[in-house]
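A structural walkthrough
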Amino acid sequence: MPALTNRQVRLESRPIGEPKPEDFQVAEAPIPAPGDGQVLSRTIYLSLDPYMRGRMNEGRSYAASVDLGQVMVGATVGEVVESRYAGLAQGDLVLGYDGWQEYAVSQGASLRKLDPRAAPISTGLGVLGMPGMTAYVGLLDIGRPKPGETVVVSAAAGAVGSAVGQIARIKGCRAVGIAGGPAKCDYVVKELGFDAAIDYRAGDLFTALKHACPNGIDVYFDNVGGDILKAVLRQINRGARIPLCGMISQYNATELPPGPNLAPLLGNRALIQGFIISDHVDRMREFLRDCAEWVRTGRLKYREDIVDGLEHAPDAFIGLLRGKNLGKLIVRVAPDPTR
Ligand SMILES: NC(=O)c1ccc[n+]([C@@H]2O[C@H](COP(=O)([O-])OP(=O)(O)OC[C@H]3O[C@@H](n4cnc5c(N)ncnc54)[C@H](OP(=O)(O)O)[C@@H]3O)[C@@H](O)[C@H]2O)c1
């Protein structure tokens, strides 16, 4: 018997600095009905991702803000409840962008059908979804690692960083992760097989990097910006490549911090390039082919940090920006029928 109302998490106010629970509102709405070509789905998993912090702000970014009173945006894995789209039937499992709510109507053509026999459906939000593809495209197309080179990645225990280091290893590189705290550092070395890990909270990052990267740094996959980027830039090799993926250290900043000194880029003829994964959908086929195979054969491992209950999404998201998650942060909104 399906629920009669649709619980949602809406943006109540725009945070100044770190988001607070009061910036979100849990509310109820009627369950919408699908029109022609549309599908009603029930959310099973909701992805929580750092970019959502930017959507809470007003003003210009590479994507539109969430309006006050609107449902927070986000990728979801759901089950089709009612379909008026020929390509999907009731009971199908789909990857969509339904946001922080229990039910949503979307265009059938915008959904990707998931095969639960190929991989757990939650992986569509992580290692076989947007974060995994960000790691794959950013590292291979912009970082262009060559065997024997040293690849450093920050937020190394997270959804993107954990895949970056493992793909670097698959490509024959030395992988060095930077993460917050000994548990995350242990995880990336002992479970994921990175060559070394550095706890940036332990202090003297510059010296720790020097020890972990005796041959310098050829690729720095930057997920955080700030002081970590500053320390890395001072140790890059000639011709280094820096895919600029994220700046999470400043997502809650109320004023932009001073930038790093760029002189090492000039002297080393290095490349630094920002990228947004949604510009690279043309690489989806190769990404899924390679990463699905690496996951299946155990060469690409992943961890999911699963929080139960839509009402806990705000706290979990606040925790993400503090580094509380280990692995891909996902909210289980309803039981997973495939597990
Ligand atoms: N360019 C794109 O298209 C694209 C796509 C996806 C993601 N991204 C970016 O990639 C980065 C990682 O995303 P993700 O999904 O993999 O998230 P995640 O790593 O699973 O979670 C975020 C992690 O960031 C770290 N962090 C938080 N505050 C920090 C700070 N002040 N300094 C250093 N590290 C901090 C925390 O790990 P520690 O405990 O280790 O600090 C936290 O666990 C984010 O910057 C995100 O915006 C970009």
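Owing to the predicted nature of the structure, the values given are computational and were not obtained by experimental measurement.

1. Brief notes about the environment of Pro120
For Pro120, the location among the structural elements is in the loop between strand S7 (112-113) and helix H2 (130-143). Here the alpha-carbon distance between Pro120 and Thr338, two residues 218 residues apart in the chain, equals 7.9 Å. When residues no more than four places from it in sequence are discounted, the contact partners of Pro120 are Tyr302 and Arg339.

2. Considerations on the sheet that holds strand S11 (residues 217-221)
Reading across the sheet, the six strands line up as S10-S9-S8-S11-S12-S13 and stay open at both edges, with parallel pairing between neighbours. Looking at strand neighbours, the two that pair on one side only are strand S10 (196-199) and strand S13 (271-274), the edges of this open sheet. Pairwise comparison of adjacent strand axes, ignoring direction, gives a mean angle of 15° for this sheet. Each of strand S8 (150-154), strand S9 (174-179) and S11 touches helix H3 (residues 159-170); the most contacted strand, S8, lies at about 170° to it. Its contacts with the sheet put helix H4 (residues 182-191) on S9 and S10, and the angle it makes with S10 is roughly 170°.

3. A look at the environment of Ile318
As for its position among the elements, Ile318 is in helix H9 (residues 313-320). You can call Ile318 buried: its relative accessible area is 6%. In sequence terms Ile318 and Pro116 are 202 residues apart; their C-alpha atoms lie 30 Å from each other. Every residue in contact with Ile318, bar those within four places of it in the chain, is listed here: Glu18, Pro19, Lys20, Pro21 and Phe24.

4. Structural notes on the site of the ligand
Around the ligand, 28 residues are found, and the nearest of them are Val160, Lys184, Tyr200, Tyr251 and Ile277. Within the backbone of Phe275, one N or O atom sits 2.8 Å away from a nitrogen atom of the ligand. With the chains in place, 91% of the 910 Å² that the ligand exposes on its own is no longer accessible. Mapped onto the shell around the ligand, the elements with two or more residues apiece are H2 and H3. Class assignment of the residues belonging to the shell around the ligand gives a composition of 17 nonpolar, nine polar and two charged.

5. Let's talk about the packing of helix H5 (residues 205-212) against helix H6 (residues 226-233)
For any two helices packed against each other, one specifies the inter-axial angle together with the distance between the axes. At their nearest, the axes of H5 and H6 sit 9 Å apart, and the two run at 50° to each other. As the angle between them shows, H5 and H6 are arranged oblique. Where H5 crosses over H6, the two elements pack in a sense that is right-handed. Of the residues in H6, those touching H5 at Leu205, Phe206 and Leu209 are Asp227, Ile228, Ala231 and Val232. Of the residues assigned to the contact of H5 with H6, the class counts are six nonpolar, no polar and one charged.

The rules behind each value
Residues numbered from 1 in each chain as written. Predicted model: local features only at pLDDT ≥ 70, side-chain atom pairs only at ≥ 80, totals over all residues. Heavy atoms only, no water. Helix = DSSP H or I, 4+ residues; strand = E, 2+ residues; numbered from the N terminus. Contact = heavy atoms within 4.5 Å. Pairing = 2+ DSSP bridges. Axes fitted to C-alpha atoms, helices over the stretch in contact; angles between N-to-C directions. Buried < 20%, exposed > 50% of the residue type's maximum accessible area, 1.4 Å probe, protein only. Near = heavy atom within 4 Å. Polar contact = N/O pair within 3.5 Å; in protein donor to acceptor, adjacent residues only side chain to side chain. Areas by Shrake-Rupley, 256 points an atom, 1.4 Å probe, with all protein chains shown as cover. Nonpolar A, V, L, I, M, F, W, Y, C, P; charged D, E, K, R; others polar. Parallel < 35°, antiparallel > 145°, perpendicular 65-115°, else oblique. Left-handed = near helix turned anticlockwise from the far one by under 90°.

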